[in-house]
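Tertiary structure, described
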Amino acid sequence: MTAPASTSSLERVIQNLGYRSTDDFLHIQLRNVLEQKIAYYQSRIDFFQHKYGMTFDEFRQRVIDKSDMVLARFGSIEKETDDNEWDDAIDFVEDYTTYLHQIRP
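All of the points below concern the structure found in this document. Every value quoted in this text rests on a predicted model; they were computed, and no experiment measured them. (Residues numbered from 1 in each chain as written. Predicted model: local features only at pLDDT ≥ 70, side-chain atom pairs only at ≥ 80, totals over all residues. Heavy atoms only, no water.)

As a further point, take the overall build of the protein chain. Each helix and strand in the protein chain was counted, giving 5 helices and 0 strands. Secondary structure elements of the protein chain occur, N-terminal to C-terminal, as α-α-α-α-α. Taken over the C-alpha trace, the protein chain has a radius of gyration of 22 Å; the compact-globule value for 105 residues is 13 Å, which it surpasses by more than 25%. Principal axes of the C-alpha set define a box for the protein chain whose edges measure 75 × 25 × 15 Å. (Helix = DSSP H or I, 4+ residues; strand = E, 2+ residues; numbered from the N terminus. Rg over C-alpha atoms; globule rule 2.2 N^0.38 Å.)

Right under this line is the structure:
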């Protein structure tokens, strides 16, 4: 597949890779990046749910109870760090999912 001579070298490479246009390439690659990020942050959420045996909302409710035997075996710094990372992962999944829906046809 050869692009017309009036296209830029970037456009020629993209078309030689089989994409119809730079916009087509950007759309597909952006979707792929967002899907990868969603999968990564969802795996972080799954990790914390498995680690603590509960959802984030349940964790937030129970973490303040010093007598909670399930959470008592984890250190306070560990729980605070995990809380921040877990919360961020949830936010990222929500944000990236919103972005993904915005670019899907």
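So much for the structure itself; the text now carries on.
Turning next to the environment of Ser 21. One can find Ser 21 in the loop between α1 (9–16) and α2 (22–52). It is 7.0 Å that separates the C-alpha atoms of Ser 21 and Glu 11, two residues lying 10 residues apart in sequence.

Another aspect to go through is the pattern of salt bridges. Scanning the model with the defined rule gives 8 salt bridges in all. Note that Arg 60 and Asp 83 form a salt bridge whose closest N and O atoms lie 2.7 Å from each other. With Arg 60 in helix α3 (residues 56–62) and Asp 83 in helix α5 (residues 76–103), this residue pair connects regions lying 23 residues apart in the sequence. Overall, Arg 60 belongs to the partly exposed group, its relative accessible area being 37%. Overall, the relative accessible area of 13% leaves Asp 83 in the buried class. (Salt bridge = Lys/Arg side-chain N within 4 Å of Asp/Glu carboxyl O. Buried < 20%, exposed > 50% of the residue type's maximum accessible area, 1.4 Å probe, protein only.)

With that out of the way, let us pick up the nonpolar core. Within the largest apolar cluster, 16 residues are counted, with the highest numbers of intra-cluster contacts made by Tyr 52, Phe 59, Leu 71 and Trp 86. When contributions to this core are tallied by element, the ones reaching two or more residues are α2, α3 and α5. Among the elements that make up this core, the one with the highest residue count is α2 (6 residues). In this structure, Leu 71 is in contact with Tyr 52, Met 54, Phe 59, Arg 62, Val 63 and Lys 79, ignoring residues within four places of it in sequence. (Core = buried A, V, L, I, M, F, W, Y, C linked by side-chain atoms within 4.5 Å. Contact = heavy atoms within 4.5 Å.)

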